[in-house]
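# Analysis of the macromolecular model
Chain by chain, the residues run as shown.
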Amino acid sequence: MKVISTIKEMREYRLCLTQSVGFVPTMGALHKGHQSLIKQSIQDNAHTIVSIFVNPTQFGANEDFDAYPRDLEKDITLCEQSGVDAVFIPSVEEMYCGDEITLNPPKKMGYVLEGFDRPTHFAGVLQVVLKLFSLIQPHRAYFGQKDAQQVLILQKMISDLFLPIVIVPCPIVRDDDGLAFSSRNIYLSPKEREIALRIPQTIQRVRTYIAQGITQVSQLESLAFKELSYDGLMLFYATFRNHQLEYITHIEQGKSIFLIAAKVGKTRLIDNLWI
Ligand code: PAF
C-alpha cells in the first residue's frame, strides 16, 4: 500500500491508474463504519484510495478540532490489512494556502439541522471534499448514511457542479449495543454511553411503529420525543424530513428520513433512519 502525503505525489499516482477508482474520504480514527465503506469500494472498483485528514475548516470555533481522536499508525495498518491501494494523508499546509475560494452549501439544506447548530460546517465539508475529488478524480466516493445531511448535500454538489462522480451512500454500522459507530464515541464514559443508547433504541422503536402502519409524522414524533426525554440526554432535534430536508406531514417509503441529534455529556451524537 502506498502512503502519500503530498499533492504532487498524489497527482502522479492517480495518473498511473487506468481502471476504476473508489475513494473513501475520512478524518481518521477509523472504525467498523469506515471499514464497511472501504470494503464496498474494494468490491466495486479496481483501485481504492482512502484519505485521512482532520479538516479544520469544518470545525466551528468552539468545537473539538484539537481534541479530535487521531491514531495514524493504527489507521494505516487497518487500511493496509483491508486491501486499500493508497492512503492519502496530507498536512493542513498541503491542503490549504490561506485565502481560498469556498463554496456555500445550498440555503435550504445547509443551514438546517446540523447546519443550524454548526453554521460553518457544511461549507468546510464541501471545500475539502471538492478539493479531494479534484485531486483524486474518483469514479465513485463512499460515505456513511449516518451523516445523512452530509450525503444529501454532497449529492447536490455533484449534481449542481456536473461532477462525473457517483456518491455511494453506505448503511449505518452499529456496535453490539446498537450505538452507531462514530470516531467521537470514545469521548463517552460508560454511564454516558448507556444514556446515549436511548438514541438507537428510539430509532428501533420508530422502525417498529412504521412497520405497524403509522405514517403520520406528528404521531411518530410525539412517540419519539417520549423515548428521548431522558436525564442526561440533551436533544437538539428528532425530526422527519424528505431528501431535500424539508418538513413532511406523512412519511413515504424511500423518500423520508428520521434524524436525531443529541448531546450526552460533552459529546454531540447524530443518528438516523432512512425510511
Ligand atoms: O465524514 C467525514 O468524516 C468528513 O466530513 C469528510 C467527508 C471526510 C470530510 O472531511
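Preceding this section is the structure that the text describes.
Note that the coordinates shown come from a computational prediction; the quantities given were computed from them, not determined experimentally.

Tallying secondary structure elements over the protein gives 11 helices and nine strands in all. Taking 2.2 N^0.38 as the reference for a compact globule, 275 residues should give roughly 19 Å; the C-alpha atoms of the protein span a radius of gyration of 19 Å, in line with that estimate. Across its three principal axes, the protein shows a C-alpha extent of roughly 55 × 40 × 40 Å. Across the protein, the fraction of contacts at a sequence separation of at least 24, relative to all contacts at a separation of at least 6, is 72%.

All right, on to the pairing of strand 5 (residues 140-144) then. The pairing of strand 2 (residues 21-26) with strand 5 spans two bridges and is classified as parallel. Pairing of Phe23 across the sheet is with Ala141, part of strand 5. Here strand 5 runs beside strand 6 (residues 166-170); their pairing, made up of five bridges, is parallel. By the bridge assignment, Ala141 is partnered in strand 6 with Ile167. Regarding topology, helix 8 (residues 148-160) serves as the crossover connection from strand 5 to the parallel strand 6, and that connection is right-handed.

As a further point, take the sheet that holds strand 9 (residues 267-274). Pairing is antiparallel across the open sheet formed by three strands, whose spatial order is 7-8-9. For this open sheet the edge positions go to strand 7 (233-242) and strand 9, each flanked by a neighbour on one side alone. Direction aside, neighbouring strands of the sheet carry axes that sit 15° apart on average. One ladder, built from eight bridges, connects strand 8 (residues 256-264) with strand 9; its direction is antiparallel. Bridge pairing in strand 9 links Lys263 to Arg268. Along the sheet, helix 8 makes contact with strand 8 and strand 9, crossing strand 9 at roughly 65°. Together, strand 7 and strand 8 form the strand contacts of helix 11 (residues 217-228), whose direction differs from that of strand 7 by roughly 160°.

Its 12 residues give helix 11 an end-to-end C-alpha distance of 16 Å, which sits within 8% of 16 Å, the value for a rise of 1.5 Å per residue. If you check which residues of helix 11 are buried, you get Val217, Leu220, Glu221, Ala224, Glu227 and Leu228. End-on view of helix 11: buried residues confined to an arc of 120°, all on one side of the axis. Contact partners of the buried residues in helix 11: helix 10 (198-211), strand 7 and strand 8.

In this model, helix 8 (13 residues) spans 18 Å end to end at C-alpha, consistent with the 18 Å of a helix rising 1.5 Å per residue. Every buried residue of helix 8 is listed here: Ala148, Gln149, Gln150, Val151, Leu152, Ile153, Leu154, Met157 and Ile158.

This paragraph deals with the side chain of Thr239. With respect to the helices, strands and loops of the structure, Thr239 is situated in strand 7. Within polar-contact distance, the side chain of Thr239 engages the side chain of Arg241 at 3.0 Å. Excluding anything up to four places from it in sequence, Thr239 contacts Leu113, Glu221, Tyr247, Ile257, Phe258 and Leu259.

With that settled, consider unusual backbone geometry. Its identity as a non-glycine residue notwithstanding, Ala29 has a phi of 50°, on the positive side. Mapped onto the elements, Ala29 comes out in the loop between strand 2 and helix 2 (32-44). Judged by its relative accessible area of 17%, Ala29 falls in the buried class.

The rules behind these values
Residues numbered from 1 in each chain as written. Predicted model: local features only at pLDDT ≥ 70, side-chain atom pairs only at ≥ 80, totals over all residues. Heavy atoms only, no water. Helix = DSSP H or I, 4+ residues; strand = E, 2+ residues; numbered from the N terminus. Rg over C-alpha atoms; globule rule 2.2 N^0.38 Å. Contact = heavy atoms within 4.5 Å. Pairing = 2+ DSSP bridges. Right-handed = clockwise from strand over helix to strand, strands pointing away. Axes fitted to C-alpha atoms, helices over the stretch in contact; angles between N-to-C directions. Expected span 1.5 Å × (residues − 1). Buried < 20%, exposed > 50% of the residue type's maximum accessible area, 1.4 Å probe, protein only. Arc of directions from axis to C-beta. Polar contact = N/O pair within 3.5 Å; in protein donor to acceptor, adjacent residues only side chain to side chain.

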